[in-house]
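# Tertiary structure, described
In case you want the letters, here they are:
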Amino acid sequence: MIVVTAPTAKIGRRVVEQLLDAGEPVRVIVRDPQRLSPAVRDRVEIVEGSHRHAAAVDKAFAGADAVFWLMPSDLSAPDAMTSYVENSRPGVEAVAAHGVRHVVGVSALGRGTAVADRAGHVTASLAMDDLFATVTNYRALVNPTFMDNTLRDIRTILGDGVISGPLAPDRKLPLVATRDIGGAAARLLLHRDWAGFAEIPVLGPEDLSGNDMAAVITDVLGIPVRYVQVEAASLEAAMLSFGASPGMARAMADMATAKIGGLDEGVVRTTGNSTPTTFRQWCTEVLRPAVDAARS
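Residues numbered from 1 in each chain as written. Predicted model: local features only at pLDDT ≥ 70, side-chain atom pairs only at ≥ 80, totals over all residues. Heavy atoms only, no water.

### Things to note about the overall build of the protein
Helix and strand content of the protein: 12 helices and 12 strands. Its C-alpha atoms give the protein a radius of gyration of 19 Å, within 12% of the compact-globule value 19 Å for 296 residues. In terms of overall dimensions, the protein has a C-alpha envelope of 55 × 40 × 40 Å along the principal axes. Every one of the 296 residues in the protein was classed for burial, and the buried ones make up 52%. Within the protein, residue pairs in contact and separated by at least 24 positions form 76% of the contacts whose partners lie at least 6 positions apart. Of the roughly 12,800 Å² that the protein leaves accessible, carbon and sulfur atoms contribute 52%. Distance between charge centroids for the protein: 2 Å, based on 29 positive and 34 negative side chains. (Helix = DSSP H or I, 4+ residues; strand = E, 2+ residues; numbered from the N terminus. Rg over C-alpha atoms; globule rule 2.2 N^0.38 Å. Buried < 20%, exposed > 50% of the residue type's maximum accessible area, 1.4 Å probe, protein only. Contact = heavy atoms within 4.5 Å. Areas by Shrake-Rupley, 256 points an atom, 1.4 Å probe, with all protein chains shown as cover. Lys, Arg positive; Asp, Glu negative; His and termini not counted. Charge placed at Lys NZ, Arg CZ, Asp CG, Glu CD.)

### Some points on empty space enclosed by the protein
Overall, the coordinates contain 1 cavity of 30 Å³ or more when judged by the stated rule. Estimated volume of the largest cavity: approximately 30 Å³. Considering the residues around the largest cavity, the lining is formed by Leu109, Gly110, Arg111, Thr113, Leu263, Asp264, Glu265, Gly266 and Val267. In terms of residue class, the lining of the largest cavity is built from 3 nonpolar, 3 polar and 3 charged. (1 Å grid on protein atoms, 1.4 Å probe; cavity = no way out; pocket = protein on both sides within 12 Å on 5 of 7 lines; lining within 4 Å. Points joined across faces, edges and corners; volume = space filled by probe spheres on them. Nonpolar A, V, L, I, M, F, W, Y, C, P; charged D, E, K, R; others polar.)

### Looking at the packing of helix α1 (residues 10–21) against helix α8 (residues 178–190)
Where α1 contacts α8, the axes come no closer than 8 Å and their chain directions differ by 45 degrees. Relative to α8, the element α1 lies oblique. The way α1 lies across α8 gives a crossing that is right-handed. Between α1, through Lys10, Ile11, Arg14, Val15, Gln18 and Leu19, and α8, the contact on the second element is made entirely by Thr178, Arg179, Ile181, Gly182, Gly183, Ala185, Ala186, Leu189 and Leu190. (Axes fitted to C-alpha atoms, helices over the stretch in contact; angles between N-to-C directions. Parallel < 35°, antiparallel > 145°, perpendicular 65-115°, else oblique. Left-handed = near helix turned anticlockwise from the far one by under 90°.)

### Looking at helix α11 (residues 246–260)
For α11, which comprises 15 residues, the first-to-last C-alpha distance of 21 Å matches the rise-based estimate of 21 Å (1.5 Å per residue) to within 8%. Those residues of α11 not exposed but buried are Met248, Ala249, Ala251, Met252, Ala253, Met255, Ala256, Ala258 and Lys259. Buried residues along α11 sit in contact with α4 (80–84), α6 (121–133), β7 (145–146), β9 (173–176) and α10 (232–241). The positive-phi residue at the C-terminal boundary of α11 is Gly262, with phi of around 105 degrees. (Expected span 1.5 Å × (residues − 1).)

### Some thoughts on the packing of aromatic side chains
Applying the stated rule across the entire model yields 5 aromatic pairs. Residues Phe61 and Trp69 carry aromatic rings whose centres are separated by 6.5 Å and whose planes lie at 70 degrees to one another, so their mutual orientation is edge-to-face. The buried category is assigned to Trp69, whose relative accessible area is 0%. Relative to Trp282, the ring of Phe279 lies with its centre 5.9 Å away and its plane at 15 degrees, an arrangement referred to as stacked. Separated by 3 residues within a single helix, Phe279 and Trp282 lie in helix α12 (residues 279–295), roughly one turn from each other. The burial state of Phe279 is the same as that of Trp282; both residues are buried. (Phe/Tyr/Trp six-rings, centres within 6.5 Å; stacked < 30°, edge-to-face > 60°.)

### Section: unusual backbone geometry
The phi torsion at Ala6 lies on the positive side, around 50 degrees, for a residue other than glycine. Looking at the secondary structure, you find Ala6 in the loop between β1 (2–5) and α1. Relative accessible area serves as the criterion here: at 12%, Ala6 is assigned to the buried category.

### Remarks on the side chain of Ser107
Mapping Ser107 onto the fold places it in strand β5 (residues 102–108). In this view, Ser107 contacts Ser125, Leu126, Asp129, Ala140, Leu141, Val142 and Asn143; residues no more than four positions away in its chain are not counted.

### Details of the pattern of salt bridges
Here the structure, examined in full by the defined rule, presents 14 salt bridges. Here Arg111 makes a salt bridge to Asp130, at a shortest N to O gap of 3.1 Å. Highlighted residues: Arg111 in the loop between β5 and α6 and Asp130 in helix α6, separated in sequence by 19 residues. Asp212 is the partner of Lys172 in a salt bridge, and the nearest nitrogen-oxygen pair spans 2.4 Å. Taken together, the residues Lys172 in the loop between β8 (162–165) and β9 and Asp212 in helix α9 (residues 210–221) connect sequence positions 40 residues apart. The network of salt bridges with shared partners includes Arg111, Asp130 and Glu199. (Salt bridge = Lys/Arg side-chain N within 4 Å of Asp/Glu carboxyl O.)

Just distances and angles here, no functional claims.
Listed below in structure tokens is the structure:
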């Protein structure tokens, strides 16, 4: 039995689909089962609730061989450590209590870099990984920025022809599609011939700058789009406007500052840690339909 948390999120949904396609028994923890597609809902065991809560994870992890762990950011938490580490403690305790032998978690690049201890969300994610690694065999999928974050820019793409970010326009960094993270997680869960703790970088196929991304979006959408650099501090203000606590808003700005300082550049790209989905493919298959829907 493999337990999947956050099964309605982009990554979790992909994990569930691939495990079911492989014929694996799957149990999910979900707040609202109606958010699962009917095809999935009829093929999985469902534990209703939040994996932040001890009762839900205790019930779900009983008899489980492996767990996929994705802790979503909690904007109402007082700080990032509470959001990722404290909210994960019930899950860690349930893994230990039920003897779950393998856990695959979603985390971030940055371990070993000079800015890892002041990178907001990433610092907390790395601490979460360390917590799980004390009780079971654990693989942390460490990721750069998601291509899917570009969906947040649809309004400014259509209104002003702009995407934005804190990096210099020509600064190239890795970028990954969430579908590829889900695929990497499913492979680890299906082939559990690993032990101990290790990080698995998931880097996408190439490094891209903001200007590179804008050029691809322009070509795919057929409208002019440019990249605009913004101050990391402006991200804090934006998060506050979205209802984040001051601590979580500050964590977002700290993460952006750390990326400027080299957070995502501590891993050498190889064929083994490069994933297949290009930004052009992602824009064609995901961004363009979303933009078309926003226009209608």
